Each structure stands twice: as C-alpha cells, then as structure tokens.
Amino acid sequence: MRAVLDVIMLALDLYWWIIIISAIMSWLLAFNVINPRNQVLGTIGRAVHSLTEPALRPIRRFLPNMGGIDISPIVLLLGIFFLQRLIVLYAYPNVV
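All of these numbers come straight from a predicted model, not from anything done at the bench.

1. Side note on the overall build of the protein chain
- In terms of helices and strands, the protein chain carries three helices and zero strands.
- Ordered by position in the sequence, the α and β elements of the protein chain form the string α-α-α.
- Radius of gyration (C-alpha) of the protein chain: 16 Å, far over the 12 Å computed for a compact globule of 96 residues.
- Structurally, the protein chain occupies a C-alpha span of about 50 × 35 × 20 Å along its principal axes.

2. Concerning the pattern of salt bridges
- One pass over the full model with this rule turns up four salt bridges.
- Across the pair Arg2 and Asp6 runs a salt bridge whose closest N-O atoms are separated by 3.9 Å. Of this pair, Arg2 and Asp6 both sit in helix H1 (residues 2-30), four residues apart, which is roughly one turn of that helix.
- A residue is classified by how much of its surface remains accessible, and Arg2, at 45% relative accessible area, is partly exposed.
- By relative accessible area, Asp6 is classed as partly exposed at 35%.
- The partner of Arg60 in a salt bridge is Asp70, with the nearest N and O atoms 2.9 Å apart. Of the two residues, Arg60 sits in helix H2 (residues 39-62) while Asp70 sits in the loop between H2 and helix H3 (72-91), which places them ten residues apart along the sequence.
- Residue Arg60 is classed as partly exposed on the basis of its relative accessible area of 32%.
- With a relative accessible area of 40%, Asp70 lands in the partly exposed category.
- One network of salt bridges, in which partners are shared, links Glu53, Arg57, Arg60 and Asp70.

3. A few points about the side chain of Gln84
- The topology assignment puts Gln84 in helix H3.
- A distance of 2.7 Å separates the side chain of Gln84 from the side chain of Asp13, its partner in a polar contact.
- Other than its neighbours up to four places away in sequence, Gln84 contacts Met9, Leu12 and Asp13.

4. Focus on the nonpolar core
- In this structure, Leu5, Met9, Leu12, Ile19, Leu56, Ile59, Leu76, Leu77, Ile80, Ile87 and Tyr92 together form the largest nonpolar core, which totals eleven residues.
- At the level of elements, H1, H2 and H3 are the ones that each hand at least two residues to this core.

5. Some thoughts on a nonpolar patch on the surface
- Residues Phe82, Leu83, Leu86, Leu89 and Tyr90 make up a contiguous nonpolar surface patch of about 540 Å² in total accessible area.
- Considering the arrangement of structural elements, one finds Phe82 in helix H3.

6. Some thoughts on the packing of H1 against H2
- In the contact formed by H1 and H2, the axes pass within 9 Å of each other and the chain directions differ by 120°. Overall, the two elements H1 and H2 adopt an arrangement that is oblique. Classified by chirality, the crossing of H2 by H1 is left-handed. Contact with H1, carried on its side by Tyr15, Ile18, Ile19, Ile21, Ser22 and Met25, involves Leu41, Ile44, Gly45, Val48, Leu51, Thr52 and Ala55 of H2 and no other residues of that element.
- Its residues assigned to classes, the contact of H1 with H2 comprises ten nonpolar, three polar and no charged.

Rules used in this analysis
- Residues numbered from 1 in each chain as written.
- Predicted model: local features only at pLDDT ≥ 70, side-chain atom pairs only at ≥ 80, totals over all residues.
- Heavy atoms only, no water.
- Helix = DSSP H or I, 4+ residues; strand = E, 2+ residues; numbered from the N terminus.
- Rg over C-alpha atoms; globule rule 2.2 N^0.38 Å.
- Salt bridge = Lys/Arg side-chain N within 4 Å of Asp/Glu carboxyl O.
- Buried < 20%, exposed > 50% of the residue type's maximum accessible area, 1.4 Å probe, protein only.
- Polar contact = N/O pair within 3.5 Å; in protein donor to acceptor, adjacent residues only side chain to side chain.
- Contact = heavy atoms within 4.5 Å.
- Core = buried A, V, L, I, M, F, W, Y, C linked by side-chain atoms within 4.5 Å.
- Patch = residues over 30% accessible without salt bridge, like charges linked within 9 Å, V, L, I, M, F, W, Y side chains within 5 Å.
- Areas by Shrake-Rupley, 256 points an atom, 1.4 Å probe, with all protein chains shown as cover.
- Axes fitted to C-alpha atoms, helices over the stretch in contact; angles between N-to-C directions.
- Parallel < 35°, antiparallel > 145°, perpendicular 65-115°, else oblique.
- Left-handed = near helix turned anticlockwise from the far one by under 90°.
- Nonpolar A, V, L, I, M, F, W, Y, C, P; charged D, E, K, R; others polar.

Here it is, written out as structure tokens:
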C-alpha cells in the first residue's frame with residue numbers, strides 16, 4: 001500500500017511541475033520571448049497544454065472573470081498541495 005501512495009505522490013509532484021511549466025510557457029509566449037513557430041517548443045507547448053487543460057477548464061468555469069489574469073493554475077496547485085497533505089497526514093500513518 002505504501003508503494004501505491006508513493007506513486008500517487010510522485011505523480012502529483014510531476015503534475016505540479018507540468019502546471020508550472022505551462023504557466024511559464026504561456027507568459028513567454030504572451031511576451032514574445034519564445035517563437036511560437038519553433039517546432040520543438042510548439043510540440044512541447046501542445047503536450048503541456050493537452051495535459052493541463054482538462055484540469056484547468058472546470059476551474060475556469062467557476063472563477064470570475066479577472067480581466068485577463070488567469071488564476072486557475074494557482075487554484076489547481078493549491079488543490080494538489082491540499083491533496084498531498086491529506087495523503088501524508090491521513091494515509092501514510094495508517095500504512096503498515
């Protein structure tokens with residue numbers, strides 16, 4: 001059981017970093033720091049977008065319009081942090 005919880009924690013950590021990479025790439029694209037026509041960056045951007053968008057879309061529906069500021073990644077990161085704390089506090093002590 002401990003191994004399953006470790007894998008879940010690792011997957012949540014990886015998804016945490018994917019969300020951060022997605023936010024940074026969106027900023028870099030918005031400020032024209034990176035070229036959107038670059039094939040490698042385009043492929044990475046599409047992959048990161050396809051991994052994060054299914055989780056961010058429902059959050060965006062419930063958040064109010066903040067005039068161009070998207071705080072849905074922050075809400076998702078807080079949700080992942082909360083889920084990790086729940087696993088650590090309530091599931092790990094009970095594992096034999």
